[in-house]
Amino acid sequence: MTHARKVILDCDPGHDDALAILLAAGNPAIDLLAITTVGGNQTAAKVARNALAVSGIAGLSVPVSAGCQRPMIRELSVAPEIHGDTGLDGPPLPEPRGELDPRHSVDLLIETVMAHEPGEVAIVATGPLSNLALAVRKEPRLTEWVSEVVLMGGSYSRGNWTPAAEFNIWVDAEAAEMVFSAGWQKLTEVGLDVTHQALATPEVRERIRGIGSELSRYVDELLDYFTLSNADHQGFEFPPVHDPVCVAALIDPSVIGTREAFVGVETRGRWTYGMTVTDFDGQLGEAPNAQVAVSLDHGRFWDLVIEGIAALPR
Ligand code: BDR
Ligand code: CA
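This one's a predicted model, so the numbers in the text were calculated from it and none came from an experiment. The numbers attached to residues start from 1 for each chain and follow its sequence in the written order. Working convention: letters from A go to chains and numbers from 1 go to ligands, in the order in which they are written. In keeping with the predicted nature of the model, local features appear solely for residues at pLDDT of at least 70, side-chain atom pairs appear and are counted solely at 80 or more, and the whole-chain, interface and lining totals rest on all residues. Heavy atoms throughout the structure, all of them, feed into the side-chain values; hydrogens and water do not.

1. A look at unusual backbone geometry
- The step from Pro13 to Gly14 runs through a cis peptide bond, and the omega angle for that step is -10°.
- For the purposes of this entry, the term helix denotes a DSSP run of H or I that reaches at least four residues, the term strand denotes a run of E that reaches at least two, and both are numbered from the N terminus. For Gly14, the location among the structural elements is in the loop between β1 (5-11) and α1 (15-26).

Structure representation (structure tokens):
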């Protein structure tokens with residue numbers, strides 16, 4: 001096997017973020033170095049606590065820290081409609097083991113990347129991009145040092161929080177614009193176009209229950225809640241499990257198909273704040289800045305997630 005990919009996961013757990021943590025913990029192709037968190041699905045304090053609790057049940061012993069409490073310009077908007085008051089509603093919240101790392105997530109992220117060789121560490125971002133935007137302003141060498149950013153956010157076809165905008169981008173569009181325009185070695189955008197295909201279907205749910213572990217029961221109950229909240233507020237029969245697609249794509253790039261494009265983030269539109277304007281055809285005359293996910297191998301994606309859960313000790 002090739003060397004495991006060193007990864008920092010910047011997230012806002014969040015049901016699907018929790019599954020991203022479990023996949024990163026359960027697959028040997030990922031060497032998770034740190035979990036940083038950002039206000040998004042719930043407040044910064046709640047999502048940091050959730051990340052610590054999930055890392056505990058995943059058997060991880062990596063630093064977990066709290067990050068930006070609010071976006072660059074706007075007030076924080078959270079998503080209790082989808083993730084509940086705790087950010088991880090459904091099964092009883094596991095008690096976090098250990099303590100949060102005392103560093104702010106922006107500093108933990110920078111220090112972790114810079115402690116490695118250039119090109120060694122990838123960043124997976126599955127929440128609003130506030131931490132990553134501040135980090136790249138504080139330490140501009142991150143764009144050379146980070147091998148790849150894979151982020152869940154945006155879409156070229158539709159929104160989910162407004163008609164035009166996806167939640168993670170809409171929460172902090174100014175940060176998203178800073179991240180998309182930063183000039184990374186590689187930036188992969190995994191948007192709703194593909195994550196809306198990452199559905200936890202009854203067959204998938206059956207396979208998760210079939211693992212028969214304490215952890216699989218916890219995941220099953222998380223997905224019960226996520227199914228109902230996505231049905232009530234987003235009109236889905238089966239919920240789209242967005243965030244682990246980014247981790248799966250790092251483990252096995254064939255999980256997604258991509259096309260190169262320039263992606264601009266709308267920060268001024270009257271109806272379109274947070275829209276990711278995606279120029280596949282070079283009409284805007286801008287250099288491409290992203291590999292945009294355009295297809296998903298649903299079977300391979302869920303195989304990885306299910307194998308990851310099954311590989312974890314609990
Ligand atoms: C994104 O928004 C959050 O609610 C999810 O965790 C995911 O990262 C989907 O729009
Ligand atoms: Ca998320």
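2. Points about empty space enclosed by the protein
- Detection works on a 1 Å grid of protein atoms alone, calling trapped sets that fit a 1.4 Å probe cavities and calling open sets with protein on both sides within 12 Å along at least five of seven lines pockets, with lining residues defined by an atom within 4 Å of a point. Grid points are joined across faces, edges and corners, and a volume is the space filled by probe spheres set on the points. Taken as a whole, this structure holds one cavity of 30 Å³ or more when the rule is applied.
- In this structure, the largest cavity is lined by 22 residues; those nearest its centre are Asn41, His83, Asn160, Phe167 and His242.
- Looking at the lining of the largest cavity, the elements with two or more residues in it are α1, α3 (80-83), α7 (167-171) and α11 (214-234).
- The leading source of residues in the lining of the largest cavity is α11, at three residues.
- Any residue that is not Ala, Val, Leu, Ile, Met, Phe, Trp, Tyr, Cys, Pro, Asp, Glu, Lys or Arg is counted as polar, Gly included; the first ten are nonpolar and the last four charged. Of the residues assigned to the lining of the largest cavity, the class counts are eight nonpolar, nine polar and five charged.

3. Here we look at the packing of helix α12 (residues 244-251) against helix α13 (residues 298-311)
- Here an axis means a line fitted to C-alpha atoms, over the contact stretch when the element is a helix, while the angle between two N-to-C directions is reported on a 0 to 180 degree scale. Their axes nearest at 10 Å, the elements α12 and α13 cross at an angle of 95°. With respect to each other, α12 and α13 are oriented roughly perpendicular. When α12 is examined against α13, the residues Pro244, Val245, Ala248 and Ile251 are found in contact with a partner set consisting of Phe301, Leu304 and Val305.
- Per-class residue counts for the contact of α12 with α13 are seven nonpolar, no polar and no charged. For classification purposes, angles smaller than 35 degrees are called roughly parallel, those larger than 145 roughly antiparallel, those between 65 and 115 roughly perpendicular, and all remaining angles oblique. Whether two residues are in contact is decided by their heavy atoms: any pair within 4.5 Å suffices.

4. What to know about the coordination of the calcium ion (ligand 2)
- For the calcium ion (ligand 2), the protein coordination sphere consists of Asp12 (OD), Asp17 (OD), Asp17 (OD), Thr126 (O) and Asp243 (OD), at 2.2 to 2.5 Å.
- Each donor residue of the calcium ion (ligand 2) lies on one chain, and together they are spaced D-x4-D-x108-T-x116-D. Taken as a pair, Thr126 in the loop between β4 (121-125) and α5 (130-138) and Asp243 in the loop between α11 and α12 lie far apart in primary sequence, 117 residues in all.
- Buried means the residue's accessible area, taken with a 1.4 Å probe over protein chains only, is under 20% of the maximum for its type, while exposed means over 50%, and partly exposed covers the values in between. By relative accessible area, Thr126 is classed as buried at 1%. In this description, a donor is an N, O or S atom within 2.8 Å of the metal centre, a cutoff extended to 3.2 Å for sodium, potassium and calcium. Water is not part of the atom list, which can make sites seem incomplete.

5. A closer look at the packing of aromatic side chains
- The aromatic pairing rule takes the rings of Phe, Tyr and Trp, using the six-membered ring of Trp, and pairs them if the centres are within 6.5 Å, calling planes under 30 degrees apart stacked, those over 60 edge-to-face and the rest tilted. Considering all chains together, one arrives at three aromatic pairs under this definition.
- Each ring, one from Tyr156 and one from Phe280, has its centre 5.1 Å from the other, and the planes form 80°; the classification is edge-to-face. In this pair, Tyr156 is assigned in the loop between β5 (146-152) and α7 and Phe280 in the loop between β8 (276-279) and β9 (290-296), connecting sequence segments 124 residues apart.
- Aromatic side chains Trp161 and Phe167 sit 4.7 Å apart centroid to centroid with 65° between the ring planes, which places their arrangement in the edge-to-face category.
- Classification of Phe167 as buried rests on a relative accessible area of 5%.
- A cation sits over an aromatic face here: Arg141 above Trp145, 5.5 Å from the ring centre.
- Criterion for a charge above a ring: Lys NZ or Arg CZ within 6 Å of the ring centre, and within 35 degrees of the ring normal. The side chain of Arg259 reaches across the aromatic face of Phe280, ending 4.2 Å from its centre.

6. Some details on the state of the cysteines
- Any two cysteine sulfur atoms within 2.5 Å of one another count as a disulfide. For the structure shown, the criterion picks out zero disulfides.
- Here Cys11 stays free of any disulfide, with the sulfur of Cys246 as its closest cysteine sulfur at 11 Å.

7. Overview of the site of ligand 1
- Residues are counted as near a molecule or strand when any one of their heavy atoms sits within 4 Å of it. Around ligand 1 sit Asp16, Asp17, Asn41, His83, Thr126, Met152, Asn160, Glu166, Phe167, Asn168, His242 and Asp243, and those are all the residues in its vicinity.
- Between ligand 1 and the protein, one listed contact pairs an oxygen atom with a side-chain N or O atom of His83 at 3.0 Å.
- For ligand 1, whose accessible area on its own is 280 Å², the fraction buried by protein is 96%.
- The rule for placing a molecule in a cavity or pocket is simple: more than half of its atoms must lie within 2 Å of the grid points. One can see that ligand 1 is located within the largest cavity.
- Put simply, the parts of the chain that give the shell around ligand 1 at least two residues each are α1 and α7. Here a polar contact means two N or O atoms within 3.5 Å. Within protein one must be a hydrogen donor candidate and the other an acceptor candidate, and residues neighboring in sequence count only if both atoms are side-chain atoms. For accessible areas, the Shrake-Rupley method is used with a probe of radius 1.4 Å. Any residue's cover is judged against the shown protein chains and nothing else.

Treat this as a map of the structure, not an account of what it does.
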